[in-house]
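Chain by chain, the residues:
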Amino acid sequence: MAILNILHYPDPRLHKVAKPVDQVDDEIRTLAANMAETMYAAPGIGLAATQVDVHRRLIVVDVSENKDDLRVFINPEIVTAEGAREGEEGCLSVPGVYDKVERAESITVKALGLDGKPFKLDAEGLLAVCIQHEIDHLNGVVFVDHLSRLKQNRIRLKLKKRARETM
Ligand code: GNR
Ligand code: NI
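Residues numbered from 1 in each chain as written. Chains lettered and ligands numbered in written order. Predicted model: local features only at pLDDT ≥ 70, side-chain atom pairs only at ≥ 80, totals over all residues. Heavy atoms only, no water.

It is worth spelling out the overall build of the protein at this point. Regarding its fold elements, the protein presents 3 helices and 7 strands. Reading the protein from its N terminus to its C terminus gives the helix and strand order α-β-β-β-β-β-β-β-α-α. Here the C-alpha radius of gyration of the protein, 15 Å, is about what a compact globule of 167 residues would show, namely 15 Å. Its C-alpha atoms give the protein principal-axis dimensions of about 45 × 40 × 30 Å. Looking at the protein as a whole, 45% of its 167 residues are labelled buried. Here the contacts in the protein between residues at least 6 apart in sequence split such that 64% fall between residues at least 24 apart. For the protein, the accessible surface area stands at approximately 9,100 Å², while carbon and sulfur atoms represent 50% of it. Here the protein holds 23 positive side-chain charges and 26 negative ones, and the gap between their average locations is 8 Å. (Helix = DSSP H or I, 4+ residues; strand = E, 2+ residues; numbered from the N terminus. Rg over C-alpha atoms; globule rule 2.2 N^0.38 Å. Buried < 20%, exposed > 50% of the residue type's maximum accessible area, 1.4 Å probe, protein only. Contact = heavy atoms within 4.5 Å. Areas by Shrake-Rupley, 256 points an atom, 1.4 Å probe, with all protein chains shown as cover. Lys, Arg positive; Asp, Glu negative; His and termini not counted. Charge placed at Lys NZ, Arg CZ, Asp CG, Glu CD.)

Another point: the sheet that holds strand 2 (residues 58-61). A sheet is described by the order of its strands in space; here 5 strands give the open sequence 1-2-3-6-7, paired in antiparallel fashion. Two strands close off the open sheet at either side, each with one partner strand: strand 1 (46-48) and strand 7 (118-124). For this sheet, the mean angle separating the axes of adjacent strands, direction not counted, is 40°. Strand direction decides the pairing type here: strand 1 and strand 2, joined by 3 bridges, are antiparallel. By the bridge assignment for strand 2, Ala48 is matched with Ile59. In the packing of helix 1 (residues 26-41) onto the sheet, contacts are made with strand 1, strand 2 and strand 3 (71-82), and the angle to strand 2 comes to roughly 40°. (Pairing = 2+ DSSP bridges. Axes fitted to C-alpha atoms, helices over the stretch in contact; angles between N-to-C directions.)

Further remarks concern the site of ligand 1. Surrounding ligand 1, one finds 13 residues, the nearest of these being Ile45, Gln51, Leu92, Glu134 and His137. Gln51 is positioned with one of its side-chain polar atoms (N or O) 2.8 Å from an oxygen atom of ligand 1. One of the backbone N or O atoms of Leu92 is found 2.8 Å from an oxygen atom in ligand 1. Within the complex, 89% of the 380 Å² of free accessible area of ligand 1 lies under protein. Of the pockets mapped on this structure, ligand 1 occupies the largest pocket. Across the shell around ligand 1, the residue classes break down as 4 nonpolar, 6 polar and 3 charged. (Near = heavy atom within 4 Å. Polar contact = N/O pair within 3.5 Å; in protein donor to acceptor, adjacent residues only side chain to side chain. 1 Å grid on protein atoms, 1.4 Å probe; cavity = no way out; pocket = protein on both sides within 12 Å on 5 of 7 lines; lining within 4 Å. Sits in = over half its atoms within 2 Å of the grid points. Nonpolar A, V, L, I, M, F, W, Y, C, P; charged D, E, K, R; others polar.)

With that settled, consider the pattern of salt bridges. In the structure shown here, the tally under the stated rule is 8 salt bridges. Two residues, Asp11 and Arg13, come together in a salt bridge whose shortest N-O distance is 2.7 Å. A relative accessible area of 36% places Arg13 in the partly exposed class. Here Asp26 makes a salt bridge to Arg29, at a shortest N to O gap of 3.1 Å. One end of the pair is Asp26 and the other is Arg29, both in helix 1 and 3 residues apart, which spans about a single turn. Among the residues examined, Asp26 registers a relative accessible area of 55% and is labelled exposed. Looking at Arg29, the relative accessible area reads 32%, which means it is partly exposed. Overlapping salt bridges, with partners in common, bring together Asp11, Arg13 and Asp53 in one network. (Salt bridge = Lys/Arg side-chain N within 4 Å of Asp/Glu carboxyl O.)

The protein atoms donating to the nickel ion (ligand 2) are Cys91 (SG), His133 (NE2) and His137 (NE2), with metal-donor distances spanning 2.1 to 2.3 Å. Binding-site remark: the nickel ion (ligand 2) is held by donors from one chain whose sequence spacing is C-x41-H-x3-H. Of this pair, Cys91 sits in the loop between strand 4 (85-89) and strand 5 (99-103) while His133 sits in helix 2 (residues 125-138), and the two are 42 residues apart along the sequence. Take His133: its relative accessible area is 8%, and that puts it in the buried class. (Donors = N, O, S within 2.8 Å, 3.2 Å for Na, K, Ca; no water.)

Rendered as structure tokens:
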């Protein structure tokens, strides 16, 4: 296993649209294991392949308290979305920045598992928020893209400054 490098906003690679996984093979299973290790080490509650510069439609999520409920979604698609909720979000690609984003309250997501078999899952609460946040990443969308232009510019300056200081 390996810890992968996480891209930081405003890296243009975070805006690439990921391509579907055409075959769930050992390469994909290794990527999922390495992404899970990277997510737990960070620590975070989710990670999209886009964040580790792999532009394939694969996300890992674990919103459990004990970090013992890993979920892997390959080619995830939201098939139904209901309600709306506003909640504070953060992102491993935008360290130190937290702000409110509106998301659907409950969703049904369809995906392939690590065995290559399709499944559907109903999700609400933090799990639903996290899945929406991760699918956004696969579409090249970072949570700050949901904020005002003014906030985006401030965040961009702050992270560029911090990147300079830590070189
Ligand atoms: O660790 C994370 N926490 C989080 C909190 C609120 C809403 C979304 C998230 S996802 C984030 C990890 C991450 O950046 N995934 O892409
Ligand atoms: Ni994120």
